[in-house]
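Letter by letter, the chains look like this.
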Amino acid sequence: MDRLLQLEVFSKTAELGSLSKAAEILRMSNAAASRHLSALEERLAVRLIERNTRRLWLTEAGQELLQRCSTLLNELAEAEDAVSDRALSPKGMLRVTSSLSFAMIYLAPMLPAFRALYPDLSVQIISANRYLDFIEAGIDVAIRTREHEPDSNIIVRRIGQMHRVLAAAPSYLEKHGRPEHPADLARHNMLIYNLANDPYSLRLSQGSTTQTVRIAPTLDSNDGQIICGAARAGLGILIQPLYIVQSDIAAGRLVPVLMGWELPLLTMNIAYQNRVRLPAKIRVFSDFLVSHIREHSEPGIWIDAAK
């Protein structure tokens, strides 16, 4: 069996803590991955991974081999990428994670043009509003709304900042009235995205004046599309990034409120693991996404979008 492939199976199994996940990423069957791992242990005459029905863990020999072979495999992949035509024509699978809203509004519409340029590169989109672990989930690129990553091995490329708005359906405003001041929000039905920073406290600014309002949810959800659907149905006032509700506002399905007051801007970033050499598939995808956002967003949605 291929010695390099044996090391790849071992390294990926150790990183993910799962032989089946390693097999999926390496695009082979579980049985094939198991044979490669067994062949490596037989060739080295040492047990590298212990496992039971619930988990697996590295032996001391396995830990030492992982440390050495991970560096070797990374350097080999980067060397191959540097000298092959993948720099011009990326191949393989690119795994991207973002919120469902961002995937629907930006990622999905851009894929036909992106694939036309890079036909040998497949894209897998994992919609998730919580931040997935890069290694555990096998993620190449993540679209995130936090400015800094707690892991120093994660590189952040800023897309830009965007406005957030408060908006409600005409039917709701006709029944409940329009808030004229931030304090009025306390008596309204509020639709809250519960993964935001401090979601039950709104800080609004008007010039040098800042008001902080505590709000109670009529509905809270971990997905912006659910909140938008409820708002269009007339349930209450939402707080969402402008890019998510722009089409509803343009069509009259939602009406902005408290337009004289500004919510804190939301920062959107592209995040990926730190590498000695950035894989071509990540580079071309990131560049294309930034260009697509700049060229296809309605005016006023983005502030200082990346060039």
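Not measured: the values here are computed from a predicted model.

Rules behind the numbers
- Residues numbered from 1 in each chain as written.
- Predicted model: local features only at pLDDT ≥ 70, side-chain atom pairs only at ≥ 80, totals over all residues.
- Heavy atoms only, no water.
- Buried < 20%, exposed > 50% of the residue type's maximum accessible area, 1.4 Å probe, protein only.
- Helix = DSSP H or I, 4+ residues; strand = E, 2+ residues; numbered from the N terminus.
- Arc of directions from axis to C-beta.
- Contact = heavy atoms within 4.5 Å.
- Polar contact = N/O pair within 3.5 Å; in protein donor to acceptor, adjacent residues only side chain to side chain.
- Domains from an automatic or database assignment.
- Buried area = accessible area lost by both parts, 1.4 Å probe.
- Nonpolar A, V, L, I, M, F, W, Y, C, P; charged D, E, K, R; others polar.
- Pairing = 2+ DSSP bridges.
- Axes fitted to C-alpha atoms, helices over the stretch in contact; angles between N-to-C directions.
- Phe/Tyr/Trp six-rings, centres within 6.5 Å; stacked < 30°, edge-to-face > 60°.
- Core = buried A, V, L, I, M, F, W, Y, C linked by side-chain atoms within 4.5 Å.
- Salt bridge = Lys/Arg side-chain N within 4 Å of Asp/Glu carboxyl O.

The next subject is helix 8 (residues 224–232). When we look at burial in helix 8, the residues that qualify are Gly224, Ile227, Cys228, Ala230 and Ala231. Buried residues of helix 8, seen end-on, are gathered within an arc of 165° and therefore sit on one face of the element. Looking at the buried side of helix 8, the elements it contacts are helix 5 (100–117), strand 8 (190–193), strand 11 (217–221), strand 12 (237–241) and helix 9 (242–250). Put simply, aspartate 223 is the residue that caps the front of helix 8, since its side-chain oxygen is 2.8 Å from the backbone nitrogen of glutamine 225.

Another point: the domain arrangement of the chain. Here the chain is described as being made up of domain 1 (3–83), domain 2 (92–160 + 267–301) and domain 3 (162–266). Taking both sides of the interface into account, the surface hidden between domain 2 and domain 3 amounts to around 1300 Å²; carbon and sulfur atoms contribute 61%. Our enumeration of links across domain 2 and domain 3 arrives at two residue pairs in polar contact (both at pLDDT 80 or more). At the level of secondary structure, the elements contributing two or more residues to the side of domain 2 that touches domain 3 comprise helix 5 and strand 14 (266–273). Looking at the side of domain 2 that touches domain 3 residue by residue, the classes come out as seven nonpolar, seven polar and two charged.

Backbone hydrogen bonds hold the strands of a sheet together, and the pairing may be parallel or antiparallel. With mixed pairing, the six strands of this open sheet are ordered in space as 4-3-5-14-6-15. Single-partner strands in this sheet number two, and they are strand 4 (121–127) and strand 15 (302–303). In terms of strand pairing, strand 5 (residues 141–144) meets strand 14 through three bridges, oriented antiparallel. The partner of arginine 144 across the bridge, within strand 14, is asparagine 269. Helix-sheet contacts for helix 5 involve strand 3 (92–98), strand 4, strand 5, strand 6 (154–162), strand 14 and strand 15, and the interaxial angle to strand 4 is about 175°.

The next thing to look at is the packing of aromatic side chains. Applying the stated criterion to the full structure yields seven aromatic pairs. Note on phenylalanine 102 and tyrosine 106: the rings are 5.1 Å apart at their centroids and 45° apart in plane angle, and the pair reads as tilted. Note that phenylalanine 102 and tyrosine 106 are positioned in helix 5 at a spacing of four residues, about one turn of the helix. A relative accessible area of 4% places tyrosine 106 in the buried class. With centroids separated by 5.2 Å and ring planes inclined at 50°, the aromatic side chains of phenylalanine 114 and tyrosine 118 adopt a geometry described as tilted. Classification of phenylalanine 114 by relative accessible area gives buried; the value is 0%. In this structure tyrosine 118 comes out as buried when scored by relative accessible area, which is 16%.

Across six bridges, the pairing between strand 9 (residues 201–206) and strand 10 (residues 209–214) is antiparallel. Along strand 10, the bridge assignment pairs serine 205 with threonine 210. Between strand 9 and strand 10, which follow one another and run antiparallel, lie two residues, and glycine 207 among them has a positive phi close to 65°.

The next thing to look at is the side chain of lysine 281. The topology assignment puts lysine 281 in helix 10 (residues 280–296). One polar contact links the side chain of lysine 281 to the main-chain carbonyl oxygen of methionine 93, over a distance of 2.7 Å. Look past the residues within four positions of lysine 281 in its chain and what remains in contact with it is Pro90, Met93, Leu94, Leu121 and Asp140.

Let's shift gears to unusual backbone geometry. Phi is positive for alanine 45, close to 55°, though the residue is something other than glycine. By the element assignment, alanine 45 lies in the loop between helix 3 (30–44) and strand 1 (49–51). Despite not being glycine, leucine 258 has its phi angle at roughly 50°, a positive value. With respect to the helices and strands, the residue leucine 258 is situated in the loop between strand 13 (255–257) and strand 14. You can call leucine 258 buried: its relative accessible area is 7%.

By size, the foremost hydrophobic cluster in this structure holds 41 residues, and its most contacted members are Phe102, Ile159, Leu238, Phe285 and Leu289. Top contributing element to this core by residue count: helix 10, with seven residues. Lining this core are residues from two domains, each supplying at least three of them: domain 2 (92–160 + 267–301) and domain 3 (162–266). Beyond its immediate sequence surroundings of up to four residues, leucine 238 is in contact with Val165, Leu166, Ala167, Leu191, Ile227, Cys228, Ala231, Val245 and Leu254.

Tallied over the full model, the rule gives 10 salt bridges. With its nearest N and O atoms 3.7 Å apart, the salt bridge here joins glutamate 50 to arginine 47. Overlapping salt bridges bring together Glu41, Arg47, Glu50 and Arg51 as one network.

Further remarks concern the environment of threonine 13. Looking at the element boundaries, threonine 13 is found in helix 1 (residues 3–16). On the basis of relative accessible area, threonine 13 is assigned to the buried category, the value being 0%. Along the chain, threonine 13 and isoleucine 49 lie 36 residues apart, while their C-alpha atoms are 9.2 Å from each other. The residues contacting threonine 13, other than those within four sequence positions of it, are Ser18, Leu19, Ala22, Ile49 and Leu56.

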